[in-house]
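Each chain is listed here by its residues.
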Amino acid sequence: MKHTDIRDIFRDPAPFLGQTVTVCGWVRTARDSKNIAFIEINDGTFLTNLQLVVDKEKLDESVYKDAMAVGTSVKAEGVLVASERNGCEVELTKLTVLGTCGADYPLQKKRHSLEFLRTIPHLRVRTRTFEAVFAVRDQLSHAVHNYFHKHGYRYVHAPIITGSDCEGAGEMFRVTTQPWNAAAESEEAYYAEDFFGKKAGLTVSAQLEGEMAAMGLGRIYTFGPTFRAEHSNTTRHAAEFWHIEPEVCFCDIDDIIEIAEDFIKSIIRDVMENCPEEMAFFDQWMEKGLLDKLTHTVESDFARVTYTEAVKLLRESGQDFKFPVEWGADLQTEHERYMTEEVFKRPLFVVDYPAEIKSFYMKQNPDGKTVAATDLLVPGIGEIIGCSEREADLGKLLEAMKKRGMSTEFYEEYLDTRRFGSVPHSGFGLGFDRMMMYLTGVQNIRDVLLFPRTVGNL
Ligand code: 4AD
Ligand code: MG
């Protein structure tokens, strides 16, 4: 169906003015008056609706009658003329209804709450908010790929079905083809009958595979879905989220922090440059001051504090936190947000966490208590990046696994990378959907995902 994208018309109307254009879209609003009717359509390519003007003296009612219903899909033809409203509009000459739409269409009103829209994920893409969300999501994805491509990283595709649990501690979804009523004497016997002949699950992180790929390719990144069966029913947790995980050889913790900061700033700049209308929309409707916040972010040096200093600072803050702060305990979102929002007022790297609250693969610091790991915290959200230098020493790695009661059985290949030419290397994981929240001001992760998966919601 030959037609012009509404985006192309609005971005540069000059060549179309005075010409006949063919456009397609869904009716967003329609107004009728004595001699004239207005039908606004949107085709998903641009936030602004294109207005079709119906001269009732020239067009028979039968032509446009059905298109007066919100939600109807149409193909329209007419002459593009300059207009005070949005710069241009179409004087309708011909209209074809592609699909009619009844009065039970749920998007009749102009504004709906995000909560209501969450109940109709299949239709909410027909609202300005979600058009903007998905325009930015698309641009952000390209920004990620462009950044790594430009800096010589190989994009690798790690498996989604895996036998090892990277982050540890039972958050994995199981993958099985066993019948629902399969009986077995033991867990082992049960999985022996299963598709892979052993227990399998959906990946919680591509890091371990990423490390193995990097230990030959030098610099890699993965960008794919990640699954966590944690029962965290918060606005920042999804059971299925998109995860960006670079892994870099010959790179220590300071190098990777520098990369992470440069990367975050670069992808923010990219989206601000390429989605100006959407970002202005979010600034107006989602988070007042969003553009200033992001400009400040790309222009500032991210702050840095050690975990030990952070604990001291939080304990001396005089704040009444719900969770007490003690050296050795994980920082909670309230602590993270207090530090980035009230103390540092910009993104903050917290470095050198206690080994006990972090994963086995992190490089052990000489103090014997902490690891070369950092979380990047941002105002409004808390943690968006988990990052570390990896333990490159086989002996130390084995010791860390033993301490955690991990069997080496599933990790022999991973351990080979330390046996055969081990090198200092580091990497991080950025939650793509959390980055989307930071970029758009959207406060609930459910509103940056097409069909969000969360506890009890499929
Ligand atoms: O901190 P995490 O668990 O780190 C890892 O998985 C490392 N293996 C990454 C690496 O070094 N390659 O997760 C990394 C990031 C978090 O900072 C957060 O932004 C996001 O992934 N994340 C989630 N996002 C949405 N929903 C969830 N349930 C998430 N869990 C983690
Ligand atoms: Mg983490």
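Scope of this entry: the structure provided in the associated data block. (Residues numbered from 1 in each chain as written. Chains lettered and ligands numbered in written order. Predicted model: local features only at pLDDT ≥ 70, side-chain atom pairs only at ≥ 80, totals over all residues. Heavy atoms only, no water.)

On to the site of ligand 1. Surrounding ligand 1, one finds 24 residues, the nearest of these being E167, Q207, E245, E383 and I384. A distance of 2.8 Å is found between an oxygen atom of ligand 1 and a side-chain nitrogen or oxygen belonging to R228. When ligand 1 is considered free in solution it has 630 Å² of accessible area, and contact with the protein chains removes 93% of it. (Near = heavy atom within 4 Å. Polar contact = N/O pair within 3.5 Å; in protein donor to acceptor, adjacent residues only side chain to side chain. Areas by Shrake-Rupley, 256 points an atom, 1.4 Å probe, with all protein chains shown as cover.)

Turning next to the packing of helix α4 (residues 128-150) against helix α14 (residues 432-440). Relative orientation of the contacting elements α4 and α14 amounts to 120°, with a least axis distance of 11 Å. The angle between the axes of α4 and α14 places the two elements in the oblique class. Once α4 is placed against α14, the crossing between them reads as right-handed. Of the residues in α14, those in contact with V133, V136, R137, L140, S141 and V144 of α4 are F432, D433, M435, M436, L439 and T440. (Axes fitted to C-alpha atoms, helices over the stretch in contact; angles between N-to-C directions. Helix = DSSP H or I, 4+ residues; strand = E, 2+ residues; numbered from the N terminus. Parallel < 35°, antiparallel > 145°, perpendicular 65-115°, else oblique. Left-handed = near helix turned anticlockwise from the far one by under 90°. Contact = heavy atoms within 4.5 Å.)

Let us now look at the packing of aromatic side chains. This model, assessed by the stated rule, comprises 20 aromatic pairs. Between Y190 and Y191, the ring centres sit 4.9 Å apart and the planes meet at 85°, which makes this aromatic pair edge-to-face. With respect to class, Y190 is no different from Y191; both count as buried. Centre to centre, the rings of F360 and Y361 are 5.5 Å apart; their planes meet at 75°, and the pair counts as edge-to-face. (Phe/Tyr/Trp six-rings, centres within 6.5 Å; stacked < 30°, edge-to-face > 60°. Buried < 20%, exposed > 50% of the residue type's maximum accessible area, 1.4 Å probe, protein only.)

The residue E209 is located in helix α6 (residues 207-217) in this model. Despite being buried, E209 has no salt bridge partner; R390 is the closest side chain of opposite charge, sitting 11 Å away. Apart from residues lying up to four places away in sequence, E209 is in contact with A158, P159 and T162. (Lys, Arg positive; Asp, Glu negative; His and termini not counted. Salt bridge = Lys/Arg side-chain N within 4 Å of Asp/Glu carboxyl O.)

For the rest of this paragraph, the subject is the sheet that holds strand β4 (residues 73-83). On the basis of which strands lie adjacent, the closed barrel formed by five strands has the order β1-β2-β3-β5-β4 and mixed pairing. Adjacent strand axes in the sheet meet at a mean angle of 55°, parallel and antiparallel pairs treated alike. By the bridge criterion, six bridges tie strand β1 (residues 20-32) to strand β2 (residues 36-42) in an arrangement that is antiparallel. Counted as the bridge partner of W26 is N42 from β2. (Pairing = 2+ DSSP bridges.)

Here we come to the pattern of salt bridges. Using the criterion set out here, one finds 19 salt bridges in the structure. For K312, the salt bridge is made with E316, and the minimal N-O distance between the two is 3.9 Å. Each member of the pair K312 and E316 is classed as exposed. Across the pair E412 and R419 runs a salt bridge, and its minimum N-O distance is 3.0 Å. Counted as one network, the salt bridges with shared partners bring together R118, R124 and D447.

Along the chain, the position of K58 falls in the loop between β3 (50-55) and α2 (61-64). Residue classification places K58 among the exposed positions, given a relative accessible area of 70%. On a C-alpha basis, the gap between K58 and N35 in space is 9.8 Å, while along the polypeptide they are 23 residues apart.

A few words now on the packing of helix α12 (residues 394-403) against helix α13 (residues 412-419). Interhelical geometry of α12 versus α13 gives an angle of 150° and a closest axis separation of 9 Å. Classified by the angle between their axes, α12 and α13 sit roughly antiparallel to one another. For the pair α12 and α13, contact is made by L394, L397, L398 and M401 and by Y414, L415, R418 and R419, respectively. Each residue belonging to the contact of α12 with α13 can be placed in one class, and the counts come to six nonpolar, no polar and two charged. (Nonpolar A, V, L, I, M, F, W, Y, C, P; charged D, E, K, R; others polar.)

Once that is clear, we can look at α14. For an α-helix, the turn length of 3.6 residues means that residues three or four places apart are oriented alike. Of all nine residues that make up α14, nine are buried, and the element is covered over most of its length. Here α14 has its buried residues at F432, D433, R434, M435, M436, M437, Y438, L439 and T440. G441 sits one or two positions beyond α14 and adopts a positive phi of about 80°.

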